[in-house]
Amino acid sequence: MQKVTILIAIMLIVILLLSGCWDRIEIEKNAFILGIGLDKGDDDMLNVTYQIALPDAMKGGGEGGEGDGGETSTLNINIYGKTLKETEQILRANIDRYPNYEHLKVIVFGEELSREGLAEHIDFLFRNPQSRRLTKVVVCEGEAKQIFEIQPKTTKSTAQYINSLLEDNGRYSIQIASFVDLTTLENKFLQNDDFILAKLKIKDDNIDAQGAGIFKSDRLVGWLDSRDVAAVKWLKDEIEQGTLDLSPLDGHPYITIQIIYNSSKIKPIFKDHGFIFDVSIQLEYDLSEVSKLDYIVLDEKTIGEIEQTVINDVKELCEQTFYTIRDIYGADPFAFSNKISNYYPLFWAENGDVWDDYFVRSQIAVEVDAHLRRVGLVK
Amino acid sequence: MYNTEDKLTNTQIMFVVISSIFGVTGLLLPRSAAEAAGADSLITIPIAGLISLIFLNIMLKLNSNYPDKIIVEYVQDILGSFLGKIYSFAITLYLVLVAGTILRIFADVIKGLMLPQTPLEVIMITMLFTSMYLIMNGISSLSKVCEIFMPIIIIVSLILIFLPLKHFNIEEFYPMFSNGIKPALIGIPKIFTAFLGFEIVAFITPFASEDNNIWRYSMLGLLIPVCIYTLLVFTVIGIFGVNTTSFSIYPTLEIARYINFPGAFAERFDIFFMLFWVLASFSTLSCYFYMSSLSIAKLLDLNYYRPFAVVLAPLIFLFGIFPANLQKVFTYFQYIGYVGIGIIIVYVIIYAIYMIKKGGN
């Protein structure tokens, strides 16, 4: 009898404990934020665009969707506020779900806000335990709000579209800047480094990710076009695979090459109170297009000519981009300052604060080693 | 005197030693290493590990002379009853404090990252009760739990170390030793505290039978965490750089969040990692809880430690709940670590006294 009483008592206590879990949020009660767009609002306010996934519409599966595109699969909510946390609070008043950052793919900064600086607005995302470290950060021409209004035809949401543009295509195109994620950005802010962010722009109702925005400290100072992005990638030793149009050979047709391998070594040399960065670039490439059908490429002399053209072109492109960025923006997105602190720690300890003065006097000496490997299926 | 059923196998000895070292500190170590020695911590950690191996060796030597006694008992033989009791009391207090801090850090991490609405006390009490239930069943249950959990935890930690290696950049370590070897050496005490926990060998000797190779397996038990910690700090600093690593509160968790595995499986690797980290903290807490209950029982010349587990539980909880904020928790943890170093150093002195006495006879 006593045993039964104890058993019933235990069961009652268990019932009390089962009544609920403090942190339970049903999956359908979450508002999964896929993208955040930050624009400058009036009087020091932020204009934040949240792109929120509607799980029911997402469920349809990426491939099958019978032409209904992604029209109802996301919801864009636009909120004014002073900080990201404040706008999140206001978001709670605008949607009957809990904001959830676990699937945040991209953060897009509007042009006007970027010109005033990013660092002060983004701390929330470093601090928030929900946000993912691999969230990509990009900058856009015009307003970020408009970017999210574009409905891509191939993917369910704008944020996922941008994400795969940068992640998948960025690897095979030298026109798209390598993406910067939150961790990299945090690192740049902590070291007060300059950097480039991939640039988005609206072109014919579609998103175009060519080119990049160049940031000095945390402020946008200018844009780079797609050829400059390639040069920055070479100078930073980032992996890139993509095509490059060569300048025409003497009396010969236009040639396009496909880069299959690249690697750069950068070494600073201190000389005459300034630095020379010794850059040696190694390239391997295939020939992918010649604009004249009866032109025979597979010939010792022609191959030599092409290789020489590639070497000259790459060298010229790198030097031109470096001196443009150095002279016009005074920015160092090549992370050359890190090279100095690595190779000349004593110099850096003394002169790190005035590195900008040294940087504008720095020069580069580019050396290219390029090899043509294959020419495709015809001669 | 000790229950004969409570006999440990060789591997159990190894895993008990691993689990008492390898726990909550794994989450914080890259930060404290980056703060203490920057990029030079790459050699500071192996050096600190080597020093702890030497201390472990000394401890094992002294233990082997008292095969059926734990540290609290034989210290009284060497130092005399009064001094021995004071030292034993210090050990007990230290163990209770460590258990409290481990419990608090565990609960703070879980609350901050996963269960923001759940009261801290509830997380702590749940963990403490589970741990108490385990140690009430004696060393055999504890060692079996360690034996089951630890291999999985080690494998997950290795996955955590090797998966993000594609982001690795060796230049983050440059320039090494730019200010000479001194900064690397100054960081040693701070990093050494991460390896504390090997004291457990002084509590489990009576449970090891004569055919156990306790020396080899406990050395191995210390060597494994030393290797994992070295690799971990190497990876984290190589990926994040010194600045970001010391800026981040839980850098190991950040590395777990930085993993992008092709396919959906490891998209949330951090959750997967936290799951096993909970197991690791549980076994560490249980080891310290067990040591403190056993040592307080022996301090009072009693054979049964089980009632003391019940007495100590609220004490551990109170020590855990006492610090007002996370910053204080970390400060206390560091100070308690230094107390641990003090205890180890006194232990070496005790060993010297023992040798002199033995020589005199």
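Residues numbered from 1 in each chain as written. Chains lettered and ligands numbered in written order. Predicted model: local features only at pLDDT ≥ 70, side-chain atom pairs only at ≥ 80, totals over all residues. Heavy atoms only, no water.

1. Thoughts on the interface of chain A and chain B
Heads up, the rule is: Pairs of residues are marked as contacts when any of their non-hydrogen atoms sit within 4.5 Å. Buried area is understood as the total, over both parts, of accessible area removed when two parts are fitted together, assessed with a 1.4 Å probe. Within this document, salt bridges are pairs made up of a side-chain nitrogen of Lys or Arg and a carboxyl oxygen of Asp or Glu, the two lying within 4 Å of each other. Two N or O atoms form a polar contact when they lie within 3.5 Å of each other; inside protein one atom must be a possible hydrogen donor and the other a possible acceptor, and for residues adjacent in sequence the pair counts only when both atoms belong to side chains. In this text, helices come from DSSP runs of H or I with a minimum length of four residues, and strands from runs of E with a minimum of two, each type numbered from the N-terminal end.
Counting residues at the interface gives 22 residues for chain A, matched by 25 residues for chain B. Together, A:Trp22, A:Asp23 and A:Arg132 form the three largest contributors to the area buried by chain A at its contact with chain B, with a combined 26%. Taken together, the connections running from chain A to chain B amount to two salt bridges. Where A:Arg133 meets B:Glu254, a salt bridge forms, and the shortest distance between an N and an O atom there is 2.4 Å. There are eight residue pairs in polar contact (both at pLDDT 80 or more) connecting chain A and chain B. Sorting the residues of the side of chain A that touches chain B by element identifies helix 8 (182–191) and helix 11 (336–343) of chain A as the ones contributing at least two each. At six residues, helix 8 of chain A tops the list of elements feeding residues into the side of chain A that touches chain B.

2. Focus on the pattern of salt bridges
All names here are of chain A. Under the convention used in this document: Whether a residue is buried, partly exposed or exposed follows from its accessible area with a 1.4 Å probe, protein chains only, as a fraction of its type maximum: under 20%, in between, or over 50%, in that order.
Under the definition given, this model contains 23 salt bridges over all chains. Taking the shortest distance from any N to any O, the salt bridge between aspartate 208 and lysine 203 comes out at 3.5 Å. A salt bridge links glutamate 305 to lysine 301; the nearest nitrogen and oxygen atoms lie 3.7 Å apart. On the criterion of helical spacing, the pair formed by glutamate 305 and lysine 301 is a turn pair, its members being four residues apart in helix 10 (residues 300–329). Classification of glutamate 305 by relative accessible area gives partly exposed; the value is 27%. The class of lysine 301 is exposed, set by a relative accessible area of 61%. Bridged by salt links that share partners, the residues Lys85, Glu88 and Arg92 form one connected network.

3. Considerations on the domain arrangement of chain A
Residues and elements named next belong to chain A. Condition: The source of the domain bounds is an automatic or database domain assignment. In this classification, Asp, Glu, Lys and Arg are treated as charged, Ala, Val, Leu, Ile, Met, Phe, Trp, Tyr, Cys and Pro as nonpolar, and every other residue, Gly included, as polar.
Taken domain by domain, chain A consists of domain 1 (26–59 + 66–224) and domain 2 (227–379). With centres defined by C-alpha atoms, the gap from domain 1 to domain 2 works out at 31 Å. Summed over both partners, the interface of domain 1 with domain 2 buries about 1800 Å², with 55% contributed by carbon and sulfur atoms. The interface formed by domain 1 and domain 2 includes one salt bridge. One salt bridge connects lysine 216 with aspartate 356, and the closest N-O pair in it is separated by 3.1 Å. Taken together, the connections running from domain 1 to domain 2 amount to five residue pairs in polar contact (both at pLDDT 80 or more). For the side of domain 1 that touches domain 2, a count of residues per class yields twelve nonpolar, seven polar and five charged.

4. A closer look at the sheet that holds strand 12 (residues 243–245) of chain A
Paired through backbone hydrogen bonds, the strands of a sheet run either parallel or antiparallel to each other. Residue and element names in this part refer to chain A. Here is the rule: Two strands pair if DSSP finds at least two bridges between them. The axes are straight lines fitted to the C-alpha atoms, using for helices just the contacting stretch, and the angles between their N-to-C directions are given from 0 to 180°.
Overall, mixed pairing links the four strands, which are arranged 12-13-14-15 in an open sheet. Pairing within the sheet leaves two strands with one partner each, and these edge strands are strand 12 and strand 15 (363–374). Ignoring strand direction, the axes of neighbouring strands in this sheet form an average angle of 40 degrees. In this structure, strand 14 (residues 274–290) lies alongside strand 15, joined through eleven bridges in parallel fashion. The residue bridging isoleucine 276 from the neighbouring strand is glutamine 363, located in strand 15. Across the sheet, helix 10 touches strand 12, strand 13 (255–271), strand 14 and strand 15, and the angle it forms with strand 15 is around 145 degrees.

5. Describing the packing of aromatic side chains
What counts here: Aromatic rings from Phe, Tyr and Trp, with only the six-membered ring used for Trp, were paired whenever their centres fell within 6.5 Å, and each pair was classed as stacked if the ring planes differed by under 30 degrees, edge-to-face if by over 60, and tilted otherwise.
With the rule as written, the count across this model stands at 35 aromatic pairs over all chains. Aromatic side chains A:Phe277 and A:Phe336 sit 4.1 Å apart centroid to centroid with 15 degrees between the ring planes, which places their arrangement in the stacked category. Taken as a pair, A:Phe277 in strand 14 and A:Phe336 in helix 11 lie far apart in primary sequence, 59 residues in all. With respect to class, A:Phe277 is no different from A:Phe336; both count as buried. Ring centres 5.4 Å apart and planes at 50 degrees place the aromatic pair B:Phe22 and B:Tyr229 in the tilted group.

6. Section: helix 1 (residues 10–21) of chain B
Side chains three or four residues apart in an α-helix point the same way, a direct result of the helix having 3.6 residues per turn. Residues and elements named next belong to chain B. Applied cut-off: An expected span of 1.5 Å times one less than the residue number is assigned to each helix.
Its twelve residues give helix 1 an end-to-end C-alpha distance of 17 Å, which sits within 8% of 16 Å, the value for a rise of 1.5 Å per residue. The buried fraction of helix 1 amounts to ten of the twelve residues, a majority that puts the element mostly inside the structure. Of the residues making up helix 1, those classed as buried are Gln12, Ile13, Met14, Phe15, Val16, Val17, Ile18, Ser19, Ser20 and Ile21.

7. Here's the deal with the packing of helix 3 (residues 41–65) of chain B against helix 11 (residues 214–247) of chain B
Residues and elements named next belong to chain B. Here is the rule we go by: Note on angle classes: values under 35 degrees are labelled roughly parallel, values over 145 roughly antiparallel, values of 65 to 115 roughly perpendicular, and the remainder oblique. Should the near helix be turned counterclockwise from the far one by less than a right angle, the crossing is left-handed, whereas a clockwise turn marks it as right-handed.
At a minimum axis separation of 10 Å, helix 3 and helix 11 run at an interaxial angle of 165 degrees. Looking at the two axes, helix 3 sits roughly antiparallel to helix 11. Here helix 3 runs over helix 11; the crossing is right-handed. The residues of helix 11 that touch helix 3, namely those facing Ser41, Leu42, Ile45, Pro46, Gly49, Ser52, Leu53, Leu56, Asn57 and Leu60, are Ile214, Trp215, Ser218, Met219, Leu222, Leu223, Val226, Tyr229, Thr230, Val233, Phe234 and Ile237. For the contact of helix 3 with helix 11, the class distribution of residues is 16 nonpolar, six polar and no charged.

8. Section: the environment of B:Val233
Residue and element names in this part refer to chain B. Structurally, valine 233 can be placed in helix 11. Sequence separation of valine 233 and alanine 184 is 49 residues, and the distance between their C-alpha atoms is 14 Å. Those residues in contact with valine 233 that lie beyond four places of it in its chain are Leu29, Pro30, Ala33, Ser41, Ile45 and Gly238.

9. Section: unusual backbone geometry
Residues and elements named next belong to chain A. For serine 217, which is not glycine, the phi torsion reads 55 degrees and is therefore positive. Mapped onto the elements, serine 217 comes out in the loop between strand 10 (212–216) and strand 11 (219–224). Residue serine 217 is classed as partly exposed on the basis of its relative accessible area of 27%.

10. Quick word on the environment of A:Asp237
Residue and element names in this part refer to chain A. Considering the arrangement of structural elements, one finds aspartate 237 in the loop between helix 9 (226–235) and strand 12. By relative accessible area, aspartate 237 is classed as partly exposed at 38%. Along the backbone, aspartate 237 and alanine 331 are 94 residues apart, and their C-alpha atoms lie at a distance of 18 Å. If sequence neighbours within four positions are ignored, aspartate 237 has contacts with Ser263, Ser264 and Ile266. Among the polar contacts made by the side chain of aspartate 237, one reaches the main-chain amide nitrogen of serine 264 at a distance of 3.0 Å.

11. Description of the packing of helix 4 (residues 71–79) of chain B against helix 5 (residues 81–113) of chain B
All names here are of chain B. For the pair helix 4 and helix 5, the least separation of the axes is 7 Å and the interaxial angle reads 150 degrees. The angle between helix 4 and helix 5 places the two elements in the roughly antiparallel class. For the element pair helix 4 and helix 5, the recorded crossing hand is right-handed. Contacts between helix 4 and helix 5 involve Ile71, Val72, Val75, Gln76 and Leu79 from the first element and Ser81, Leu83, Gly84, Lys85, Tyr87, Ser88 and Ile91 from the second. Its residues assigned to classes, the contact of helix 4 with helix 5 comprises seven nonpolar, four polar and one charged.

12. Section: the confidence of the model for chain A
Keep this limit in mind: The predictor reports its confidence for every residue as pLDDT, a score running from 0 up to 100.
Taken over all residues, the pLDDT of chain A has a mean of 85, while the share at 70 or more is 94%. Here residues 61–70 of chain A scores under 50 on pLDDT; set against residues more than four positions off or in separate chains, the count is four contacts.

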